[in-house]
Amino acid sequence: MSYKISVKQFLEESRTGNIDYIDFSQKLSEEVQRLNKKFNFFRHISEIGRIKARPKLFGLPVSVKDNICTEGMVSSAGSKILEDYIPPFDATSVSRVKEYGGV
């Protein structure tokens with residue numbers, strides 16, 4: 001299975017058990033690192049690690065914009081004054097993604 005699939009395809013394949021999450025996470029991580037070196041669109045890339053299939057989002061990888069608080073990750077909102085701010089909490093949207101099984 002390719003890591004280059006739509007969200008809909010990812011969720012459908014997850015429901016049917018057709019995704020090798022270890023292989024998927026490794027390939028996705030490598031591709032994100034490669035693209036970020038070229039385009040520099042992520043300020044911080046957390047380790048995807050081993051994706052666990054859980055209901056609703058089934059380990060769907062999600063990127064979060066820099067102006068949304070994510071616990072333990074720099075969230076500067078593009079501001080020089082906040083460039084080193086690391087929030088001690090997740091924004092509601094991030095909490096819900098995690099709650100429903102997204103990574």
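Anything mentioned here points back to the structure above.
Okay, so let's go over this structure. Please read all numbers here as calculations on a predicted model, not as lab measurements. (Residues numbered from 1 in each chain as written. Predicted model: local features only at pLDDT ≥ 70, side-chain atom pairs only at ≥ 80, totals over all residues. Heavy atoms only, no water.)

1. Section: the overall build of the chain
The secondary structure content of the chain amounts to three helices and zero strands. The N-to-C order of helical and strand elements in the chain reads α-α-α. Here the chain holds 103 residues, and 26% of them are scored as buried. Within the chain, counting contacts between residues at least 6 apart in sequence, those at least 24 apart form 48% of the total. (Helix = DSSP H or I, 4+ residues; strand = E, 2+ residues; numbered from the N terminus. Buried < 20%, exposed > 50% of the residue type's maximum accessible area, 1.4 Å probe, protein only. Contact = heavy atoms within 4.5 Å.)

2. Notes on the side chain of Asp90
Among the secondary structure elements, Asp90 is positioned in the loop between helix H2 (21-39) and helix H3 (92-99). You can call Asp90 buried: its relative accessible area is 17%. Polar side-chain contacts of Asp90 include one of 2.6 Å to the backbone nitrogen of Glu71. (Polar contact = N/O pair within 3.5 Å; in protein donor to acceptor, adjacent residues only side chain to side chain.)

3. Considerations on the packing of aromatic side chains
According to the stated counting rule, one finds three aromatic pairs in the structure shown. Taking 4.8 Å as the distance between ring centres and 85° as the angle between the ring planes, the aromatic pair formed by Phe41 and Phe42 counts as edge-to-face. Three or more aromatic residues joined by ring pairs make a cluster, and in this case those are Phe39, Phe41 and Phe42. (Phe/Tyr/Trp six-rings, centres within 6.5 Å; stacked < 30°, edge-to-face > 60°.)

4. Here's the deal with a nonpolar patch on the surface
On the surface, a cluster of nonpolar side chains totalling about 400 Å² of accessible area is made up of Ile81, Leu82, Tyr85 and Phe89. Turning to its location among the elements, Tyr85 is positioned in the loop between H2 and H3. (Patch = residues over 30% accessible without salt bridge, like charges linked within 9 Å, V, L, I, M, F, W, Y side chains within 5 Å. Areas by Shrake-Rupley, 256 points an atom, 1.4 Å probe, with all protein chains shown as cover. Salt bridge = Lys/Arg side-chain N within 4 Å of Asp/Glu carboxyl O.)

5. Focus: the pattern of salt bridges
In total, this model carries four salt bridges according to the counting rule given. Put simply, Lys27 and Asp23 hold a salt bridge, and the shortest N to O gap is 3.3 Å. With a gap of four residues between them, Lys27 and Asp23 both fall in helix H2, about one helical turn apart. Under the relative-accessibility criterion, Lys27 is labelled partly exposed at 35%. Among the residues examined, Asp23 registers a relative accessible area of 26% and is labelled partly exposed. The salt bridge involving Lys80 is made with Glu83; its shortest N-O contact spans 3.6 Å.

6. Quick look at the environment of Glu13
Structurally, Glu13 is set in helix H1 (residues 7-16). The spatial distance from the C-alpha of Glu13 to the C-alpha of Phe58 is 9.6 Å, given a sequence separation of 45 residues.

Note that all results are geometric; they support no functional claim without further evidence.
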